[in-house]
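Observations on the model geometry
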Number of protein chains: 2
Amino acid sequence: MRMSNGVEWAAHCCLLLDWLGPDAVVPSAKLAAAFELPAPYLHKHLQPLVHAGILRSVRGVHGGFMLDRPLERISLLDVVRSIEGDDGAFRCTEIRRCGLGANADRAAWQRPCEIAASMYRAEQAWNAALATRSLADIRDDTETNVPGVAAQTRAAFAAL
Amino acid sequence: MRMSNGVEWAAHCCLLLDWLGPDAVVPSAKLAAAFELPAPYLHKHLQPLVHAGILRSVRGVHGGFMLDRPLERISLLDVVRSIEGDDGAFRCTEIRRCGLGANADRAAWQRPCEIAASMYRAEQAWNAALATRSLADIRDDTETNVPGVAAQTRAAFAAL
(Lines give C-alpha, C1' and ligand atoms only; values in the text may rest on other atoms or scores of the structure.)
Protein backbone atom coordinates (compact mmCIF):
# COMPACT_ATOMS: atom_id res chain seq x y z
CA MET A 1 0.00 0.00 0.00
CA ARG A 2 1.81 3.01 -1.26
CA MET A 3 0.69 6.62 -1.20
CA SER A 4 0.96 8.55 -4.46
CA ASN A 5 4.14 10.56 -4.96
CA GLY A 6 1.73 13.42 -5.57
CA VAL A 7 1.40 13.96 -1.82
CA GLU A 8 5.11 14.70 -1.44
CA TRP A 9 5.11 16.82 -4.61
CA ALA A 10 2.04 18.83 -3.63
CA ALA A 11 3.30 19.58 -0.10
CA HIS A 12 6.65 20.82 -1.45
CA CYS A 13 4.90 22.98 -4.07
CA CYS A 14 2.74 24.62 -1.38
CA LEU A 15 5.81 25.41 0.72
CA LEU A 16 7.59 26.84 -2.31
CA LEU A 17 4.61 29.04 -3.22
CA ASP A 18 4.52 30.33 0.36
CA TRP A 19 8.23 31.16 0.30
CA LEU A 20 7.76 33.01 -3.01
CA GLY A 21 5.12 35.23 -1.38
CA PRO A 22 1.36 35.18 -0.87
CA ASP A 23 0.60 36.41 -4.39
CA ALA A 24 3.04 34.22 -6.30
CA VAL A 25 1.49 32.57 -9.38
CA VAL A 26 3.69 29.85 -10.88
CA PRO A 27 2.99 27.67 -13.93
CA SER A 28 3.15 23.95 -13.23
CA ALA A 29 6.04 23.61 -15.70
CA LYS A 30 8.10 25.96 -13.55
CA LEU A 31 7.06 24.20 -10.32
CA ALA A 32 8.15 20.96 -12.00
CA ALA A 33 11.52 22.49 -12.93
CA ALA A 34 11.95 23.68 -9.33
CA PHE A 35 11.99 20.05 -8.16
CA GLU A 36 13.01 18.25 -11.40
CA LEU A 37 9.61 16.57 -11.63
CA PRO A 38 7.77 15.46 -14.78
CA ALA A 39 5.61 18.49 -15.63
CA PRO A 40 2.49 16.68 -16.95
CA TYR A 41 2.30 14.40 -13.88
CA LEU A 42 2.83 17.29 -11.49
CA HIS A 43 0.09 19.28 -13.24
CA LYS A 44 -2.26 16.30 -12.88
CA HIS A 45 -1.46 15.96 -9.17
CA LEU A 46 -1.96 19.68 -8.45
CA GLN A 47 -5.43 19.85 -10.02
CA PRO A 48 -7.21 18.09 -7.12
CA LEU A 49 -5.65 20.67 -4.79
CA VAL A 50 -7.57 23.33 -6.71
CA HIS A 51 -10.74 21.33 -6.21
CA ALA A 52 -9.93 21.13 -2.47
CA GLY A 53 -9.45 24.91 -2.20
CA ILE A 54 -5.75 24.58 -1.35
CA LEU A 55 -4.49 26.04 -4.63
CA ARG A 56 -6.11 28.39 -7.12
CA SER A 57 -5.61 28.03 -10.87
CA VAL A 58 -5.00 31.37 -12.59
CA ARG A 59 -5.57 31.49 -16.36
CA GLY A 60 -3.78 33.63 -18.92
CA VAL A 61 -0.29 34.48 -20.08
CA HIS A 62 0.93 35.00 -16.54
CA GLY A 63 -1.24 32.20 -15.18
CA GLY A 64 -0.36 29.20 -13.08
CA PHE A 65 -1.01 27.94 -9.58
CA MET A 66 -1.16 30.07 -6.42
CA LEU A 67 -2.05 29.33 -2.79
CA ASP A 68 -5.77 29.72 -2.18
CA ARG A 69 -5.43 29.96 1.61
CA PRO A 70 -2.58 30.45 4.08
CA LEU A 71 -0.47 27.44 5.11
CA GLU A 72 -1.87 27.79 8.64
CA ARG A 73 -5.20 26.58 7.21
CA ILE A 74 -3.81 23.67 5.19
CA SER A 75 -3.27 20.48 7.19
CA LEU A 76 -1.29 17.48 5.99
CA LEU A 77 -4.61 15.62 6.03
CA ASP A 78 -6.03 18.19 3.56
CA VAL A 79 -3.14 17.47 1.19
CA VAL A 80 -3.33 13.68 1.58
CA ARG A 81 -7.10 13.58 1.11
CA SER A 82 -7.08 15.90 -1.89
CA ILE A 83 -4.71 13.49 -3.66
CA GLU A 84 -5.78 10.13 -2.23
CA GLY A 85 -9.48 10.73 -1.66
CA ASP A 86 -11.50 10.31 1.52
CA ASP A 87 -12.04 6.56 1.41
CA GLY A 88 -9.34 5.41 3.79
CA ALA A 89 -6.96 2.50 3.38
CA PHE A 90 -9.06 -0.38 4.72
CA ARG A 91 -12.28 -1.41 3.06
CA CYS A 92 -14.62 -3.86 4.80
CA THR A 93 -16.45 -6.08 2.31
CA GLU A 94 -18.50 -7.80 5.05
CA ILE A 95 -17.26 -11.30 4.27
CA ARG A 96 -18.59 -12.33 7.70
CA ARG A 97 -22.06 -12.41 6.05
CA CYS A 98 -20.93 -14.77 3.26
CA GLY A 99 -20.49 -18.54 3.30
CA LEU A 100 -20.68 -19.67 6.94
CA GLY A 101 -22.48 -16.48 7.91
CA ALA A 102 -25.07 -16.57 5.13
CA ASN A 103 -27.71 -18.27 7.27
CA ALA A 104 -26.95 -16.52 10.53
CA ASP A 105 -29.52 -14.45 12.37
CA ARG A 106 -29.35 -10.96 10.81
CA ALA A 107 -29.22 -9.48 14.30
CA ALA A 108 -25.70 -10.89 14.50
CA TRP A 109 -24.50 -8.23 12.06
CA GLN A 110 -26.14 -5.22 13.72
CA ARG A 111 -22.84 -4.21 15.34
CA PRO A 112 -19.99 -3.38 12.96
CA CYS A 113 -17.46 -6.14 12.34
CA GLU A 114 -14.76 -5.85 15.03
CA ILE A 115 -12.01 -6.32 12.44
CA ALA A 116 -13.27 -3.33 10.44
CA ALA A 117 -13.95 -1.25 13.56
CA SER A 118 -10.39 -1.85 14.79
CA MET A 119 -8.92 -0.96 11.40
CA TYR A 120 -10.99 2.24 11.23
CA ARG A 121 -9.95 3.29 14.75
CA ALA A 122 -6.30 2.88 13.80
CA GLU A 123 -6.85 4.98 10.67
CA GLN A 124 -8.51 7.65 12.81
CA ALA A 125 -5.31 7.85 14.88
CA TRP A 126 -3.36 8.35 11.63
CA ASN A 127 -5.78 10.96 10.33
CA ALA A 128 -5.78 12.82 13.65
CA ALA A 129 -1.98 13.09 13.51
CA LEU A 130 -2.17 14.37 9.92
CA ALA A 131 -4.98 16.81 10.76
CA THR A 132 -3.10 18.45 13.62
CA ARG A 133 0.00 19.13 11.51
CA SER A 134 -0.35 22.18 9.25
CA LEU A 135 1.90 23.13 6.37
CA ALA A 136 2.71 26.27 8.41
CA ASP A 137 4.08 24.02 11.20
CA ILE A 138 6.21 22.22 8.61
CA ARG A 139 7.39 25.51 7.07
CA ASP A 140 8.31 26.91 10.49
CA ASP A 141 10.23 23.78 11.53
CA THR A 142 12.00 23.70 8.16
CA GLU A 143 13.06 27.33 8.63
CA THR A 144 14.43 26.40 12.06
CA ASN A 145 16.27 23.33 10.74
CA VAL A 146 17.61 25.05 7.61
CA PRO A 147 18.36 28.70 8.49
CA GLY A 148 17.94 30.96 5.47
CA VAL A 149 15.94 28.41 3.48
CA ALA A 150 13.28 30.93 2.46
CA ALA A 151 15.73 33.49 1.06
CA GLN A 152 17.86 30.80 -0.60
CA THR A 153 14.76 29.31 -2.22
CA ARG A 154 13.66 32.70 -3.58
CA ALA A 155 17.15 33.37 -4.97
CA ALA A 156 17.40 29.94 -6.61
CA PHE A 157 13.89 30.33 -8.05
CA ALA A 158 14.75 33.75 -9.54
CA ALA A 159 17.74 32.16 -11.28
CA LEU A 160 15.71 29.23 -12.65
CA MET B 1 -4.34 4.34 -1.47
CA ARG B 2 -6.14 1.12 -0.79
CA MET B 3 -5.06 -1.76 1.41
CA SER B 4 -5.24 -5.22 -0.14
CA ASN B 5 -8.43 -7.20 0.52
CA GLY B 6 -6.03 -9.85 1.78
CA VAL B 7 -5.83 -8.09 5.14
CA GLU B 8 -9.58 -8.51 5.75
CA TRP B 9 -9.50 -12.08 4.43
CA ALA B 10 -6.47 -13.11 6.50
CA ALA B 11 -7.86 -11.68 9.75
CA HIS B 12 -11.19 -13.50 9.26
CA CYS B 13 -9.37 -16.77 8.46
CA CYS B 14 -7.31 -16.50 11.67
CA LEU B 15 -10.47 -15.95 13.74
CA LEU B 16 -12.16 -18.91 12.04
CA LEU B 17 -9.17 -21.19 12.70
CA ASP B 18 -9.23 -20.14 16.35
CA TRP B 19 -12.94 -20.91 16.67
CA LEU B 20 -12.38 -24.32 15.07
CA GLY B 21 -9.83 -25.14 17.78
CA PRO B 22 -6.09 -24.78 18.30
CA ASP B 23 -5.22 -27.84 16.18
CA ALA B 24 -7.58 -27.18 13.27
CA VAL B 25 -5.91 -27.63 9.87
CA VAL B 26 -8.02 -26.32 6.98
CA PRO B 27 -7.18 -26.31 3.26
CA SER B 28 -7.32 -22.87 1.65
CA ALA B 29 -10.12 -24.07 -0.66
CA LYS B 30 -12.28 -24.75 2.40
CA LEU B 31 -11.35 -21.43 4.02
CA ALA B 32 -12.34 -19.79 0.71
CA ALA B 33 -15.69 -21.61 0.75
CA ALA B 34 -16.25 -20.48 4.36
CA PHE B 35 -16.29 -16.85 3.18
CA GLU B 36 -17.18 -17.29 -0.52
CA LEU B 37 -13.75 -16.02 -1.57
CA PRO B 38 -11.79 -16.93 -4.73
CA ALA B 39 -9.64 -19.86 -3.57
CA PRO B 40 -6.46 -19.13 -5.59
CA TYR B 41 -6.36 -15.50 -4.43
CA LEU B 42 -6.99 -16.45 -0.82
CA HIS B 43 -4.22 -19.06 -0.98
CA LYS B 44 -1.84 -16.43 -2.35
CA HIS B 45 -2.76 -13.99 0.44
CA LEU B 46 -2.32 -16.58 3.21
CA GLN B 47 1.18 -17.60 2.17
CA PRO B 48 2.90 -14.46 3.54
CA LEU B 49 1.23 -15.20 6.90
CA VAL B 50 3.18 -18.47 6.95
CA HIS B 51 6.36 -16.51 6.30
CA ALA B 52 5.42 -14.18 9.20
CA GLY B 53 4.90 -17.09 11.61
CA ILE B 54 1.17 -16.36 11.97
CA LEU B 55 -0.01 -19.47 10.12
CA ARG B 56 1.66 -22.81 9.51
CA SER B 57 1.30 -24.72 6.26
CA VAL B 58 0.72 -28.44 6.78
CA ARG B 59 1.40 -30.74 3.82
CA GLY B 60 -0.30 -34.00 2.92
CA VAL B 61 -3.77 -35.40 2.35
CA HIS B 62 -5.12 -33.76 5.51
CA GLY B 63 -2.97 -30.68 5.03
CA GLY B 64 -3.90 -27.01 4.95
CA PHE B 65 -3.33 -23.95 7.10
CA MET B 66 -3.32 -23.82 10.90
CA LEU B 67 -2.54 -21.10 13.44
CA ASP B 68 1.15 -21.02 14.30
CA ARG B 69 0.69 -19.01 17.49
CA PRO B 70 -2.26 -18.01 19.70
CA LEU B 71 -4.36 -14.98 18.71
CA GLU B 72 -3.07 -13.19 21.82
CA ARG B 73 0.31 -13.00 20.07
CA ILE B 74 -0.99 -11.84 16.69
CA SER B 75 -1.55 -8.08 16.43
CA LEU B 76 -3.45 -6.37 13.63
CA LEU B 77 -0.12 -4.80 12.69
CA ASP B 78 1.36 -8.30 12.24
CA VAL B 79 -1.45 -9.14 9.80
CA VAL B 80 -1.22 -5.82 7.92
CA ARG B 81 2.57 -5.99 7.60
CA SER B 82 2.61 -9.62 6.52
CA ILE B 83 0.33 -8.72 3.59
CA GLU B 84 1.39 -5.14 2.82
CA GLY B 85 5.07 -5.26 3.77
CA ASP B 86 6.99 -3.05 6.18
CA ASP B 87 7.60 -0.07 3.92
CA GLY B 88 4.83 2.25 5.09
CA ALA B 89 2.48 4.34 2.98
CA PHE B 90 4.56 7.48 2.44
CA ARG B 91 7.84 7.38 0.63
CA CYS B 92 10.13 10.43 0.68
CA THR B 93 12.06 10.79 -2.58
CA GLU B 94 14.05 13.80 -1.30
CA ILE B 95 12.87 16.18 -4.02
CA ARG B 96 14.10 19.02 -1.78
CA ARG B 97 17.61 18.17 -3.05
CA CYS B 98 16.61 18.46 -6.72
CA GLY B 99 16.21 21.54 -8.91
CA LEU B 100 16.29 24.59 -6.62
CA GLY B 101 18.01 22.57 -3.89
CA ALA B 102 20.70 21.05 -6.12
CA ASN B 103 23.29 23.70 -5.29
CA ALA B 104 22.39 24.19 -1.62
CA ASP B 105 24.87 23.59 1.15
CA ARG B 106 24.72 19.86 1.91
CA ALA B 107 24.47 20.69 5.62
CA ALA B 108 20.94 21.90 4.83
CA TRP B 109 19.82 18.29 4.35
CA GLN B 110 21.35 16.84 7.52
CA ARG B 111 17.99 16.94 9.30
CA PRO B 112 15.21 14.84 7.75
CA CYS B 113 12.72 16.69 5.56
CA GLU B 114 9.94 18.00 7.81
CA ILE B 115 7.28 16.84 5.35
CA ALA B 116 8.58 13.27 5.51
CA ALA B 117 9.14 13.41 9.28
CA SER B 118 5.54 14.57 9.80
CA MET B 119 4.17 11.84 7.53
CA TYR B 120 6.23 9.18 9.33
CA ARG B 121 5.06 10.37 12.77
CA ALA B 122 1.44 10.09 11.62
CA GLU B 123 2.07 6.56 10.33
CA GLN B 124 3.63 5.67 13.68
CA ALA B 125 0.36 6.67 15.37
CA TRP B 126 -1.48 4.36 12.97
CA ASN B 127 0.95 1.50 13.51
CA ALA B 128 0.81 1.94 17.29
CA ALA B 129 -2.98 1.59 17.20
CA LEU B 130 -2.68 -1.55 15.05
CA ALA B 131 0.07 -3.00 17.24
CA THR B 132 -1.92 -2.69 20.46
CA ARG B 133 -4.95 -4.50 19.03
CA SER B 134 -4.57 -8.29 19.00
CA LEU B 135 -6.73 -10.78 17.13
CA ALA B 136 -7.65 -12.14 20.58
CA ASP B 137 -9.08 -8.71 21.49
CA ILE B 138 -11.09 -8.78 18.26
CA ARG B 139 -12.27 -12.35 18.89
CA ASP B 140 -13.31 -11.52 22.46
CA ASP B 141 -15.24 -8.38 21.41
CA THR B 142 -16.89 -10.30 18.56
CA GLU B 143 -18.02 -12.99 21.03
CA THR B 144 -19.49 -10.25 23.23
CA ASN B 145 -21.25 -8.55 20.29
CA VAL B 146 -22.50 -11.78 18.72
CA PRO B 147 -23.32 -14.24 21.53
CA GLY B 148 -22.81 -17.84 20.40
CA VAL B 149 -20.72 -16.90 17.38
CA ALA B 150 -18.05 -19.52 18.11
CA ALA B 151 -20.48 -22.44 18.38
CA GLN B 152 -22.51 -21.23 15.39
CA THR B 153 -19.35 -20.93 13.32
CA ARG B 154 -18.25 -24.48 14.22
CA ALA B 155 -21.70 -25.87 13.37
CA ALA B 156 -21.84 -24.03 10.03
CA PHE B 157 -18.31 -25.15 9.21
CA ALA B 158 -19.14 -28.80 9.96
CA ALA B 159 -22.06 -28.55 7.53
CA LEU B 160 -19.94 -26.96 4.78
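Check the entry above for the structure.
What counts, and at which threshold
Residues numbered from 1 in each chain as written. Chains lettered and ligands numbered in written order. Predicted model: local features only at pLDDT ≥ 70, side-chain atom pairs only at ≥ 80, totals over all residues. Heavy atoms only, no water. Least-squares fit on C-alpha atoms with pLDDT ≥ 70 in both. Contact = heavy atoms within 4.5 Å. Buried < 20%, exposed > 50% of the residue type's maximum accessible area, 1.4 Å probe, protein only. Helix = DSSP H or I, 4+ residues; strand = E, 2+ residues; numbered from the N terminus. Polar contact = N/O pair within 3.5 Å; in protein donor to acceptor, adjacent residues only side chain to side chain. Pairing = 2+ DSSP bridges. Salt bridge = Lys/Arg side-chain N within 4 Å of Asp/Glu carboxyl O. Phe/Tyr/Trp six-rings, centres within 6.5 Å; stacked < 30°, edge-to-face > 60°. Axes fitted to C-alpha atoms, helices over the stretch in contact; angles between N-to-C directions. Parallel < 35°, antiparallel > 145°, perpendicular 65-115°, else oblique. Left-handed = near helix turned anticlockwise from the far one by under 90°. Nonpolar A, V, L, I, M, F, W, Y, C, P; charged D, E, K, R; others polar.

On to the relation of the copies chain B and chain A. Both copies of the chain are placed relative to one another by a rotation about an axis and a shift along it. Screw-axis analysis of chain B against chain A gives a translation of 0.0 Å along the axis, an RMSD of 0.0 Å, and a rotation angle of 180°. When the rotation and shift are considered jointly, the pair of chain copies conforms to a two-fold rotation axis. In terms of C-alpha distance to the rotation axis, chain B has tryptophan 126 of chain B as its closest residue, with the C-alpha 2.3 Å off the axis. A share of 100% of interface residues in chain B that are also interface residues in chain A marks the association as one of identical surfaces.

Looking now at unusual backbone geometry. All names here are of chain B. Its identity as a non-glycine residue notwithstanding, glutamate 36 has a phi of 55°, on the positive side. Judged by relative accessible area, glutamate 36 falls into the exposed class, the value being 54%. Of note, the phi angle at glutamate 94 is positive, near 55°, even though the residue is not glycine. Within the element layout of this structure, glutamate 94 appears in the loop between α4 (76-84) and α5 (114-131).

Turning our attention to helix α6 (residues 135-145) of chain A. Turning to α6 of chain A, its buried residues are Leu135, Ala136, Ile138, Arg139, Thr142 and Asn145 of chain A. If you follow the buried residues of α6 of chain A, they end up packed against α1 (5-20), α4 (76-84) and α7 (149-158) of chain A together with α5 of chain B. Residue serine 134 of chain A occupies the N-cap position of α6 of chain A, its side-chain oxygen lying 3.2 Å from the main-chain nitrogen of alanine 136 of chain A.

Here we come to the environment of tryptophan 126 of chain B. Summarising the element assignment, tryptophan 126 of chain B is placed in helix α5. With near-sequence residues (within four places) excluded, tryptophan 126 of chain B lies in contact with Met1, Ala89, Ala122, Glu123 and Trp126 of chain A together with Met3 of chain B.

What follows concerns the environment of asparagine 5 of chain A. With respect to the helices and strands, the residue asparagine 5 of chain A is situated in helix α1. Taking relative accessible area as the criterion, asparagine 5 of chain A reaches 27% and is therefore assigned partly exposed. With sequence-adjacent residues up to four places away left out, asparagine 5 of chain A is seen in contact with Arg91 and Thr93 of chain B.

All names here are of chain B. Relative to strand β2 (residues 64-67), strand β1 (residues 55-58) runs antiparallel, the two sharing 4 bridges. The partner of valine 58 across the bridge, within β2, is glycine 64. As consecutive antiparallel partners, β1 and β2 are separated by 5 residues, and within that stretch glycine 60 has a phi angle of approximately 105°, a positive value.

Attention now goes to the pattern of salt bridges. Per the stated rule, a full pass over the model turns up 22 salt bridges over all chains. Here arginine 139 of chain A makes a salt bridge to glutamate 72 of chain A, at a shortest N to O gap of 3.1 Å. Note that arginine 139 of chain A is positioned in helix α6 and glutamate 72 of chain A in the loop between β2 (64-67) and α4, a separation of 67 residues in sequence. For arginine 133 of chain B, the salt bridge identified is with glutamate 114 of chain A, shortest N-O distance 2.8 Å. Here arginine 133 of chain B, found in the loop between α5 and α6 (135-145), pairs with glutamate 114 of chain A, found in helix α5 (residues 114-131), and the two come from separate chains. What you see here is one network of salt bridges that share partners, running through Asp18, Glu72, Arg139 and Asp140 of chain A.

Residue and element names in this part refer to chain A. Tallying each qualifying case throughout the model produces 3 aromatic pairs over all chains. Here phenylalanine 90 and tyrosine 120 contribute two aromatic rings whose centre-to-centre distance is 6.0 Å and whose plane-to-plane angle is 70°, an arrangement assigned as edge-to-face. Note that phenylalanine 90 is positioned in the loop between α4 and α5 and tyrosine 120 in helix α5, a separation of 30 residues in sequence. Assessed through its relative accessible area of 3%, phenylalanine 90 is described here as buried. On the basis of relative accessible area, tyrosine 120 is assigned to the partly exposed category, the value being 37%.

Residue and element names in this part refer to chain B. As a packed pair, helix α2 (residues 28-35) and helix α3 (residues 39-51) sit with axes 9 Å apart at the nearest point and diverge in direction by 115°. With respect to their mutual orientation, α2 and α3 come out roughly perpendicular. Once α2 is placed against α3, the crossing between them reads as right-handed. Of the residues in α3, those touching α2 at Ser28, Ala29, Leu31 and Ala32 are Ala39, Leu42, His43 and Leu46. Split into classes, the residues belonging to the contact of α2 with α3 amount to 6 nonpolar, 2 polar and no charged.

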